[in-house]
Amino acid sequence: MQTHTDQKLGWIGAGRMGYAMAERLAKGGCDLAVWNRTREKALPLEKSGARVVNQLEELSTSDILFVMVSTFDDVKQVLGRALGKGKPKMVVECSSISLEGSAELRALLQSKGIEYLAAPVSGNAKVIKAGKLTFVVSGPRSAYETAKPYLDMMGTGSSYVGEGELSRIAKICHNVMLGVVIQNLCEITVLAEKAGMPRHAFLEFLNKSVMGSMFTRYKTPALVNLDFHVTFTPKLLRKDLDLGLDAGRHFGVPMPLTSITRDLLQQMIGRGMTEEDFSTLLVMQAQNSDLDIKPENVQVSDGLS
Ligand SMILES: NC(=O)c1ccc[n+]([C@@H]2O[C@H](COP(=O)([O-])OP(=O)(O)OC[C@H]3O[C@@H](n4cnc5c(N)ncnc54)[C@H](OP(=O)(O)O)[C@@H]3O)[C@@H](O)[C@H]2O)c1
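Residues numbered from 1 in each chain as written. Predicted model: local features only at pLDDT ≥ 70, side-chain atom pairs only at ≥ 80, totals over all residues. Heavy atoms only, no water.

### Describing the packing of aromatic side chains
Then, in step 1: Counted according to the given criterion, the structure contains four aromatic pairs.
Then, in step 2: Ring centres of Trp 11 and Phe 66 lie 5.1 Å apart, and the angle between their planes is 20°; on these two criteria the pair is classed as stacked. Linking Trp 11 in strand β1 (residues 8-12) with Phe 66 in strand β4 (residues 64-67), this pair joins segments that are 55 residues apart in sequence. Of the two residues, Trp 11 and Phe 66, neither departs from the other in class, the shared state being buried. (Phe/Tyr/Trp six-rings, centres within 6.5 Å; stacked < 30°, edge-to-face > 60°. Helix = DSSP H or I, 4+ residues; strand = E, 2+ residues; numbered from the N terminus. Buried < 20%, exposed > 50% of the residue type's maximum accessible area, 1.4 Å probe, protein only.)

### Here we look at the side chain of Glu 23
Then, in step 1: Within the element layout of this structure, Glu 23 appears in helix α1 (residues 16-27).
Then, in step 2: Each residue touching Glu 23, except ones within four places of it in the same chain, is listed here: Leu 45, Ser 48 and Lys 129. (Contact = heavy atoms within 4.5 Å.)

### Details of the pairing of strand β8 (residues 134-138)
Then, in step 1: A large share of β8 lies buried, amounting to four of its five residues.
Then, in step 2: As judged from the two bridges shared by strand β7 (residues 121-122) and β8, these two strands associate in the antiparallel manner. If you follow Val 121 over to β8, its bridge partner there is Phe 135.
Then, in step 3: Bridge analysis of β8 against strand β9 (residues 158-162) gives four bridges, and the strand direction is parallel. Along β9, the bridge assignment pairs Ser 138 with Gly 162.
Then, in step 4: Handedness of the β8-helix α6 (residues 141-153)-β9 crossover: right-handed. (Pairing = 2+ DSSP bridges. Right-handed = clockwise from strand over helix to strand, strands pointing away.)

### Quick word on the pattern of salt bridges
Then, in step 1: On inspection of all chains with the given rule, the structure shows 16 salt bridges.
Then, in step 2: Here Lys 76 and Glu 104 are joined by a salt bridge, their closest N and O atoms 3.6 Å apart. In this pair, Lys 76 sits in helix α3 (residues 72-82) while Glu 104 sits in helix α4 (residues 99-111), placing the two residues 28 residues apart along the sequence.
Then, in step 3: Lys 76 gets classed as partly exposed once you look at its relative accessible area, which sits at 39%.
Then, in step 4: Judged by relative accessible area, which is 43%, Glu 104 ranks as partly exposed.
Then, in step 5: Notably, a salt bridge pairs Lys 148 with Asp 152, separated by 3.1 Å at the nearest N-O pair. Taken as a pair, Lys 148 and Asp 152 lie in helix α6 at a separation of four residues, close to a single helical turn. (Salt bridge = Lys/Arg side-chain N within 4 Å of Asp/Glu carboxyl O.)

Shown next as structure tokens:
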């Protein structure tokens, strides 16, 4: 029977997501070594029991090497260096990357005799802290069984969807929905406010209704009080909508709502609204509606804490 200390874990990437995920493994007592390009960002993980290494190469002898960076190019860069000398038994790649990128990675790792799981996630850093992160995983079932206890420690568990890159498609579909839903939520929230009702009152009703969701609830404080601390950047969301549109072209599926949402997001990025959360789509929607939007300064629940 496997325990959480059986495997020597390596972790690449301590950004918003990677940090919070690695922290759960470290706090769970795992044997965990972490590397981040900006080392200082990873250092606080040592308080939770992780070891922060100086060189990527030090992770090459991990049993399971997790990767959580930004784009496929970044994944290629970090793995190129991490696999320079040694060879981990398994790589679990959690960033949101394309189907093609993931397949390229699988071929490369297979040629080196390294097992590979494609394991993108749903949830932001706050969701991870609340223990509600979920993984969607594809690759060899035996590799999944080995990695599963660690995936479970990072949230509410994982869904195994089959061989190859199937999980990438599931994640791309998920984030397309994220983009389309936030845009729609911003549209209707501005409509409700322009018609005369406070945003918090409208969203309270929506969140209690059948249309309310964990997502609409945890975005409510941002939409009510205009707190746009980044959970996910507009550029990363644009990347995911582009991945969705590419997949739609590849499989011959029209995606009209995704196209429109992608263009709106591009308009926002073109206006220089890049450094705050993707939910600043609300501000652009208000500007386009001639609405002078202001924080309501009302305490509202995010449904997580
Ligand atoms: N945020 C979310 O809500 C969310 C949810 C689900 C999935 N995702 C996906 O998760 C991934 C990470 O997102 P995030 O929000 O954590 O992003 P982030 O906060 O911007 O962190 C990005 C991480 O990647 C590292 N990195 C980027 N390029 C690199 C390179 N060329 N070489 C080495 N390291 C590099 C960064 O290192 P530095 O610290 O040195 O910059 C940082 O550790 C993305 O693929 C994103 O689409 C995000």
